[in-house]
Amino acid sequence: VIMDLMDKLTQIFGQGLFNSFYPVPQQAIRVGSAFEGWSPHAQDVVYRALVPLSPPPGHAFHLELDTAGVLPRKCCVRVELPCTCTREQLGEDMLCFLHHSEEELRRKQDPSLLHSLCTGSYLDVEKTVHWFYRFVRVGWLLLPQSHHWHLMLQPSSRSCKFQLSKDQESFMVEMIFGVRQGDSDIFVGSQATEVGISSTTWLETYAVAEAKFFRHISRQAPHDSWHCKCLQLLSRILMGVGFSSYALKTVVMHLLNTVPLTQGCRRDFQQQLMDTLKYLRCSLETKQLKRFVIGNERFPTEISLPSDFRAAEAPNLFQHLASNPDAYMKATQEYAWLLHR
């Protein structure tokens with residue numbers, strides 16, 4: 001239901017934005033625990049999708065990644081106006097933004113993206129989200145789903161959130177916007193991870209690559225979802241505790257990438273659960289839990305990564321435990337509580 005709705009919204013966007021110079025939304029990509037199959041609580045499920053944005057005609061996106069920062073890296077999306085005089089000479093109905101006067105451009109075509117959704121030369125997350133919200137309000141009324149479902153938009157500055165409801169059914173949906181790094185499955189996204197983040201700052205996200213890894217595993221072992229059951233159970237126990245469900249997810253992904261699936265299929269669930277807890281305990285003892293996507297030479301080659309990812313040094317998700325004794329003590333206490341449960 002959700003993906004069909006998003007596909008239809010994307011189609012309406014394409015029709016409504018024809019000959020305009022707004023970002024071009026591409027087909028939404030399912031990401032996150034709900035689509036991966038391990039949401040802790042059914043009543044709190046949020047279905048997340050990443051909507052890739054492509055530059056409109058006569059524009060180009062250039063990613064300025066903060067290579068000195070910690071991961072996920074921060075990024076600014078600089079909007080450039082390349083010369084399109086050649087395309088203009090070939091009869092395309094668009095004036096070159098670089099080589100026509102502002103007066104002529106103002107009379108004959110819509111403003112460039114720089115004048116609508118940018119702050120300075122950079123694509124602005126909050127302006128992009130507000131623009132998308134406005135379009136959804138209008139586009140929703142054109143969809144057949146609007147006759148059967150009720151759409152309620154939720155306020156948000158860095159993503160588009162809405163609730164779909166019909167009779168006893170209800171879905172919470174969050175659409176995150178992203179710009180692809182080259183032709184890889186790594187994006188810079190609009191999601192927020194800290195308070196006070198600049199509206200021109202986008203954050204590197206590995207959600208698409210991780211979701212594709214889960215689907216890769218499901219194709220190899222379609223009748224064995226032990227990893228989803230483990231994640232669902234452990235993350236449900238940890239609800240409201242400081243231990244992050246992303247750390248658990250990282251542990252399970254490492255196990256899936258090292259334990260042969262034929263062996264995993266023959267094991268009983270209790271053994272698989274204990275393997276997950278043992279890996280987590282070893283990670284706590286060594287204060288080392290490497291990010292899964294980066295620096296992983298065994299990562300499936302069918303999932304496209306930037307050229308430097310496989311050879312890069314994987315960041316340590318438990319780095320804070322090595323430098324903060326109080327945080328380490330709290331983490332070990334939470335592990336003991338988890339093991340007892």
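Nothing here was measured: the structure is a model prediction, and the numbers come from that model.

Analysis parameters
Residues numbered from 1 in each chain as written. Predicted model: local features only at pLDDT ≥ 70, side-chain atom pairs only at ≥ 80, totals over all residues. Heavy atoms only, no water. 1 Å grid on protein atoms, 1.4 Å probe; cavity = no way out; pocket = protein on both sides within 12 Å on 5 of 7 lines; lining within 4 Å. Points joined across faces, edges and corners; volume = space filled by probe spheres on them. Nonpolar A, V, L, I, M, F, W, Y, C, P; charged D, E, K, R; others polar. Domains from an automatic or database assignment. Contact = heavy atoms within 4.5 Å. Buried area = accessible area lost by both parts, 1.4 Å probe. Salt bridge = Lys/Arg side-chain N within 4 Å of Asp/Glu carboxyl O. pLDDT = per-residue confidence, 0-100. Helix = DSSP H or I, 4+ residues; strand = E, 2+ residues; numbered from the N terminus. Phe/Tyr/Trp six-rings, centres within 6.5 Å; stacked < 30°, edge-to-face > 60°. Buried < 20%, exposed > 50% of the residue type's maximum accessible area, 1.4 Å probe, protein only. Lys NZ or Arg CZ within 6 Å of the ring centre and 35° of its normal.

Considering the layout of surface pockets
Then, number 1: The volume enclosed by the second largest pocket comes to roughly 410 Å³.
Then, number 2: Looking at side-chain class alone, the lining of the second largest pocket contains 12 nonpolar, four polar and five charged residues.

Structural notes on the domain arrangement of the protein
Then, number 1: Domain annotation of the protein identifies domain 1 (1-206) and domain 2 (221-340).
Then, number 2: Put simply, the middle of domain 1 and the middle of domain 2, counted by C-alpha atoms, are 31 Å apart.
Then, number 3: Contacts between the two partners involve 16 residues from domain 1, matched on the other side by 17 residues from domain 2.
Then, number 4: Of the roughly 1400 Å² buried between domain 1 and domain 2, counting both surfaces, carbon and sulfur atoms make up 64%.
Then, number 5: Counting the surface domain 1 buries against domain 2, the share from its top three residues, Trp-38, Pro-40 and Tyr-206, is 42%.
Then, number 6: Taken together, the links from domain 1 to domain 2 amount to one salt bridge.

Quick word on the confidence of the model for the protein
Then, number 1: Mean pLDDT for the protein: 87, with 92% of residues reaching 70 or above.
Then, number 2: Across the protein, strand S7 (residues 122-123) holds the top mean pLDDT of 98, while helix H9 (residues 261-266) sits lowest at 52.

Regarding the packing of aromatic side chains
Then, number 1: All chains considered together, the criterion is met by 15 aromatic pairs.
Then, number 2: Plain terms: the ring middles of Phe-292 and Phe-299 are 5.6 Å apart, the flat faces sit at 65 degrees to each other, and that makes the pair edge-to-face.
Then, number 3: Overall, the relative accessible area of 1% leaves Phe-299 in the buried class.
Then, number 4: In textbook terms, an aromatic cluster arises when at least three aromatic residues are bridged by ring pairs, as seen for Phe-13, Tyr-22, Trp-131, Phe-132, Phe-135 and Phe-177.
Then, number 5: A cation over a ring is seen here: Lys-287 above Tyr-328, with NZ or CZ 4.4 Å from the ring centre.

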